[in-house]
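Residue-level listing of the chains:
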Amino acid sequence: MDPGLKLLIELILEFAPVITNIVQKNLEARPLTLQYQYSQETEDFIQTDNSISHVGEFERKKQQQQLANVSHQTQLKIVAYQRETALKLPEFQKNIDNWPLRLSPSQILDTNNNIRKPLKIFLAPPKVKFDKFEYEEEEISEIETMLAEGLREFLNKHYSLHNPVRPTEFLAGAWDSKRFHSESSIKALFGTLKTEPILILESEADGNYLNFRIGYWGMEQENYYYQTISRLPYREIVEESAKNRALHWREIRNELIEMGENLEEINNIGEDNAFNLATLEKAEKWEKKGIDISKLSLKYQVNRQDIETLCQVLITGHTLAASWIADIFHLIHHDVAPLLPELLPSMIEDATDIQSVKKIATGYQQVYQALQVERRSRIPEMALQLAQSLSHLSDRTLAEEQVNYSVRTWLQLRQIPQQQSHPLQAMRSAVGVEDKEYVEKLREYYLAVGDRQSISYVEEILNAIANFKHQCQQECASLKHTLTGHSGKISSIAICSDTQSLVSGCADKTIKVWNVNTGKAIRTLSQSLAEVSSVAVSPDGNLLAVGSCDSPRSNVKVWHISTGKLLHTLLGHQKPVNCVAISSDGQILASGSNKIKIWNLHNGDRICTLWHSSVVNTTVISPDGTILISGSSDNKIRLWNPHTGEPLRTLNGHSGEVKSVAVSPDGQILVSGSSDKTIKIWHIDTSKVVHTLTGHSDEVKSVVISPNGQILFSASADKTIKIWRLYTGELLQTLTGHLEAVNCIAISPDNKFIASGSSDHTIKIWQIA
């Protein structure tokens, strides 16, 4: 294995646990830090930008980044103050006594308050001595110059000071290597420059070895890290280069001898190559005789070519180390994905030690796992990037582990259970337009490794994204009609299965049936009605269930829509009936007051009673009819068996009354709207919250899911209707037009229009483009 690559592996094995520990300490210290750093600017930002209480998981993350930037600017001001006071402290003069740099502290302390603070890199090169040439008195010692130039070339290309993403500042020649090495110098630097993120790459000769050490501290670290990472056998590397030159010279010498040239003249031409070949041939002869030549002090003459070979090893090791640590620094402090995984293929293309490459991948994964608490959303992208860097290896195991980790985390972020045989099949149900770039990178990976089955799945996902983008463009709504005729607040609406008729219930004690196309009322029902709280239409469009508020003998009535004939009056509730719901098979009816009663829709017989301890505001029955879900004034959501009345479980999460609930067509997702102004999206099987949407400025009164299960509509007392992407929480559109609270909303079975009812006495029909 290349010694430079070996150095990187040793660095990762040593440094990855350190980074994990640093991240953990930062998380533990965060509450105290935030108290100290929470400036008036941050407060002003929150006050002036209402969108910080946002509209979905992914958009909220973007705005959290805005807040993080404001907080970061505050941190930089604190650092600037610490920087100014550092030069005035009594300890400063003590530090100067052990100062290892040719630059003064004031020349190094950064006054640039950009968000991307550069990592300063110092090179403390080795001082090594080699045997003199027989005819030359000068020592060969150009290591510092060549090492600095090689590192400079790499950093300028990938991590320059002017790089807007991953800046570093390489201060070559600043280290006074003749005077200082080791802990005292590092401590002196940290004591004065702790406000500056710094990396020190130090090499020190120790016999036949170079001790390679790392000194590092990031922003706001309480202490520095300083450790010997590797012992590099530099004499062995140099002598191996000299031997290789000698062997090549032997081929040339033998050709010259065959041509009849004089041996003495040939050896004179060969110079140090001839000397080294003579030494090497002696060693070969003695070794054949059984002599252990490792115990002999065999000296080889070295020249610039051998020094360059050593320098190339050092350059590779130093560039890999600097790249890895710069990546980790910018990942932790600036949330920037690492670059080194993209560069690794060209650096490890000849590596055959799979275990060593695995150690590199494991090191990255350790850091990613440490960041999962606060950066989990970045893990899929970074793990996929690492998989791509490993995809060229003949053994695909390492790459497969990383891509599976990437996809698995992507699914976990969205709380999508992997019930399918292939994880990519599970992705399709939750993928959105914003995931296109990630999925395209997945396709690049699977194309690189030739995984045809996964390529097929990814193509299906990309097609779904394209279709969804088209749907989103189509599902932008515009006002078509405003229906007027009621004299009170509209409490509930339902759209018939023929999509031509709409039913509205109102506080004016009437029910109206409307023609959607003309906006005209077809029929008005008012027989023995009190204030209407809720209406529901059977799947076949024939029956209408109505809940009313004529306490103390609140009742539920069932009508035939086309004839206007009252079929049943269902008695039993002693408190106002707030909601009614009909099952998808049209067989059962649920009504809610302080308890829920289940009825046979067609004959009016009571099936069972579900006992609630507080007012029931909303009910819905799952598409397969196996679960009834209720939301109540105690802020809770309860799941029941509607056939037996058995309680199944209770969901807690809202801090206000649950006003509305809806279930996706596949029965997997539950949506709840609350007086706490939030919408929660739950996974029914796990009972876990997938997203909390906080875009409304007043209580959420009604929620409904589109027939294709992709779009969520919400109505609020803030007079708006919002359209969301169900699986990601992305806000697609906000509809305005109502003059008072929007109490109810419904969507047509053909997904072509929505209807909203308001306290402004109107119903609005919104065409979905």
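Think of each chain on its own: its residues are numbered from 1, step by step along the sequence as written. Two thresholds apply to this predicted model, a pLDDT of at least 70 for residue-level local features and 80 or more for giving and counting side-chain atom pairs, whereas whole-chain, interface and lining totals are computed over all residues. Side-chain measures were taken over the full set of non-hydrogen atoms in the model, leaving aside hydrogen atoms and water.

Turning next to the overall build of the chain. Numbering of helices and strands starts at the N terminus; helices are DSSP runs of H or I of at least 4 residues and strands are runs of E of at least 2. The secondary structure content of the chain amounts to 19 helices and 33 strands. Scored against the burial criterion, the 769 residues of the chain give a buried share of 54%. Residue burial is assigned from relative accessible area. The probe radius is 1.4 Å, only protein chains are included, and a residue is buried under 20% of its type maximum, exposed over 50%, and partly exposed in between.

One pair of aromatic rings is described through two measures. These are the centre distance and the angle between the planes. Within 6.5 Å between ring centres, the rings of Phe, Tyr and Trp (the latter by its six-membered ring) count as paired, and their orientation is classed by plane angle as stacked under 30 degrees, edge-to-face over 60, tilted in between. For the coordinates displayed, the defined rule picks out seven aromatic pairs. Relative to tyrosine 159, the ring of phenylalanine 154 lies with its centre 6.1 Å away and its plane at 35°, an arrangement referred to as tilted. Given a relative accessible area of 0%, tyrosine 159 falls into the buried group. Here the aromatic cluster, defined as three or more aromatic residues joined through ring pairs, consists of Phe190, Trp217 and Tyr224. Two limits define a charge over a ring: the Lys NZ or Arg CZ must be within 6 Å of the ring centre, and within 35 degrees of the ring normal. In this structure, arginine 231 is placed above the aromatic ring of tyrosine 209, and the distance from its NZ or CZ to the ring centre is 4.5 Å.

All right, on to the nonpolar core then. Residue types Ala, Val, Leu, Ile, Met, Phe, Trp, Tyr and Cys, when buried and joined through side-chain atoms within 4.5 Å, form a set referred to as a nonpolar core. One finds Leu201, Ile214, Trp324, Met427, Leu442 and Leu712 to be the most contacted residues of the largest nonpolar core, which totals 107 residues. Of the residues forming this core, the biggest block, 16 residues, is contributed by helix α11 (residues 304-334). Whether two residues are in contact is decided by their heavy atoms, any of which lying within 4.5 Å being enough. Non-local contacts of leucine 442, meaning those with residues more than four positions away in its chain, are made with Leu384, Val403, Val407, Leu424, Met427 and Val458. Among the nonpolar cores identified, the runner-up in size contains 17 residues, and Trp99, Leu109, Leu171 and Ala174 belong to it.

Quick look at the pairing of strand β8 (residues 501-506) now. In terms of residue burial, β8 counts as a mostly covered element, since six of its six residues are buried. Every second residue of β8 is oriented toward a common face, with Ser501, Val503 and Gly505 on one face and Leu502, Ser504 and Cys506 on the other, all of them buried. In this scheme, strands are said to pair when DSSP sees at least two bridges between them. The pairing of strand β7 (residues 490-495) with β8 spans five bridges and is classified as antiparallel. Residue isoleucine 493 lies in a different strand from β8, and its bridge partner there is serine 504.

A separate point is the sheet that holds strand β19 (residues 616-621). Taking strand neighbours across the sheet as the criterion, the four strands line up as β19-β20-β21-β22 in an open arrangement whose pairing is antiparallel. In the strand order of this sheet, the two ends are held by β19 and β22 (647-651), each with one partner. Strand-to-strand twist of the sheet, defined as the mean angle between neighbouring strand axes without regard to direction, takes the value 20°. In this sheet, β22 lies alongside strand β21 (residues 637-640) in antiparallel orientation, the contact comprising four bridges. Each bridged residue has a counterpart across the sheet, and for tryptophan 640 the counterpart in β22 is proline 647. Interaxial angle, 0 to 180 degrees, is taken between N-to-C directions of lines fitted to C-alpha atoms, where a helix line uses only the stretch in contact.

This part is about helix α6 (residues 143-158). The end-to-end C-alpha separation of α6 is 23 Å, in line with the 22 Å expected for 16 residues at 1.5 Å each. Turning to α6, its buried residues are Ile143, Met146, Leu147, Ala148, Gly150, Leu151, Phe154, Leu155 and His158. One less than the residue count of a helix, multiplied by 1.5 Å, gives the span that helix is expected to have.

What follows covers the environment of tyrosine 727. The topology assignment puts tyrosine 727 in the loop between β29 (721-725) and β30 (731-735). On the accessibility criterion, tyrosine 727 (10% relative accessible area) is buried. Sequence separation between tyrosine 727 and valine 431 is 296 residues, and the spatial gap between their C-alpha atoms is 7.5 Å. Excluding residues within four positions of it along the chain, tyrosine 727 makes contact with Ser429, Ala430, Asp666, Ile669, His691 and Gly709.

What follows is about the pattern of salt bridges. Think of a salt bridge as a Lys or Arg side-chain nitrogen and an Asp or Glu carboxyl oxygen that are within 4 Å of each other. Applying the stated criterion across every chain yields a total of 20 salt bridges. When the shortest N-O distance is used, the salt bridge between arginine 378 and glutamate 381 registers 3.3 Å. Overall, arginine 378 belongs to the buried group, its relative accessible area being 16%. Between glutamate 460 and arginine 428 there is a salt bridge whose closest N-O contact spans 3.8 Å. Here the residue glutamate 460 occupies a position in helix α19 (residues 452-474), and arginine 428 occupies one in the loop between α17 (423-427) and α18 (436-449), the gap between them amounting to 32 residues.

Three or four residues apart is the spacing at which side chains of an α-helix point the same way, because the helix has 3.6 residues per turn. Its 17 residues give helix α10 (residues 272-288) an end-to-end C-alpha distance of 24 Å, which sits within 8% of 24 Å, the value for a rise of 1.5 Å per residue. Asp272, Asn273, Ala274, Asn276, Leu277, Thr279, Leu280 and Ala283 are the residues of α10 that are buried. Its buried side turned inward, α10 meets α8 (234-258) and α9 (263-270). Just beyond α10, the residue with positive phi is glycine 290, at close to 90°.

A few words now on the sheet that holds β30. Spatial strand order, β27-β28-β29-β30: four strands in an open sheet with antiparallel pairing. At either margin of the open sheet sits one strand with a lone partner, and together these are β27 (700-705) and β30. Looking at each pair of strands side by side, their axes are set apart by 20° on average, direction ignored. Here five bridges tie strand β28 (residues 711-716) to β29, and the two strands are oriented antiparallel to one another.

It is worth spelling out the side chain of asparagine 303 at this point. Relative to the assigned elements, asparagine 303 resides in the loop between α10 and α11. Taking the relative accessible area as the measure of exposure, asparagine 303 reaches 17% and is therefore buried. Any pair of nitrogen or oxygen atoms within 3.5 Å is treated as a polar contact; in protein, a donor-acceptor pairing is required on top of that, and neighbouring residues in sequence qualify only through side-chain atoms on both sides. A distance of 2.9 Å separates the side chain of asparagine 303 from the backbone nitrogen of glutamine 305, its partner in a polar contact.

Attention shifts here to the environment of valine 537. Checked against the element boundaries, valine 537 lands in strand β11 (residues 532-537). With 41 residues separating them along the chain, valine 537 and cysteine 496 place their C-alpha atoms 6.4 Å apart. In contact with valine 537, other than residues within four places in its own chain, are Ala494, Cys496, Val503, Leu543, Leu544, Ile561 and Ile582.

With a phi close to 60°, serine 687 is a non-glycine residue in the positive phi region. Relative to the assigned elements, serine 687 resides in the loop between β25 (679-683) and β26 (688-693). In this structure serine 687 comes out as partly exposed when scored by relative accessible area, which is 23%. Here histidine 761, not a glycine, exhibits a phi torsion of approximately 75°, which is positive. Within the secondary structure, histidine 761 sits in the loop between β32 (753-758) and β33 (763-768). Of the residues examined, histidine 761 reaches a relative accessible area of 32% and is grouped as partly exposed.

Moving on, we come to the environment of alanine 662. Mapped onto the secondary structure, alanine 662 falls in strand β23 (residues 658-663). Sequence separation between alanine 662 and isoleucine 629 is 33 residues, and the spatial gap between their C-alpha atoms is 8.6 Å. Each residue touching alanine 662, except ones within four places of it in the same chain, is listed here: Val620, Ile669, Leu670, Val671, Val703, Val704 and Ile705.

Per-residue pLDDT for the chain averages 82, and the proportion of residues at 70 or more is 82%. Known as pLDDT, the predictor's per-residue confidence is scaled from 0 to 100. Note that residues 132-140 has pLDDT below 50 and, in this model, 15 contacts with residues that lie over four places away or in other chains.

Within the secondary structure layout, histidine 612 lies in the loop between β18 (606-611) and β19. Look at histidine 612 and you get buried, because its relative accessible area is 10%. A distance of 2.8 Å separates a polar atom in the side chain of histidine 612 from a polar atom in the side chain of serine 630. Not counting residues within four places of it along the chain, the set of residues in contact with histidine 612 comprises Asn594, Lys595, Ile596, Ser630, Ser632, Arg638 and Trp640.

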